[in-house]
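# Reading the structure
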Amino acid sequence: MQRWYIFDAVIKNELKQSADYTTYKLDVDNPVPKLKYWKTLRSDLEDVIEKEILPLQRR
């Protein structure tokens, strides 16, 4: 069970390293503030996983 915590930490670290707020801010019309960026990114990613990826597993 502990391996999932490690996996989760690795994914979070990779996402944080690859997230580019400056580019996001330039590309989006109404960007979220930088302090809310990571929380919003994580929430959106969880939504995509739940609504688009997990249903594919259930087939």
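Predicted model only: the values in this text are computed from it and were never measured.

Next up on the list: the pattern of salt bridges. The tally for this structure, following the rule as stated, stands at one salt bridge. Between Arg42 and Glu46 there is a salt bridge; the shortest N-O distance is 3.5 Å. With a gap of four residues between them, Arg42 and Glu46 both fall in helix H3 (residues 34–57), about one helical turn apart.

What follows is about H3. The end-to-end C-alpha separation of H3 is 34 Å, in line with the 34 Å expected for 24 residues at 1.5 Å each. Its axis deflected by about 35° at Ile49, H3 carries its strongest bend there.

Cut-offs applied
- Residues numbered from 1 in each chain as written.
- Predicted model: local features only at pLDDT ≥ 70, side-chain atom pairs only at ≥ 80, totals over all residues.
- Heavy atoms only, no water.
- Salt bridge = Lys/Arg side-chain N within 4 Å of Asp/Glu carboxyl O.
- Helix = DSSP H or I, 4+ residues; strand = E, 2+ residues; numbered from the N terminus.
- Expected span 1.5 Å × (residues − 1).
- Bend = angle between axes of the 7 residues up to and from the residue.

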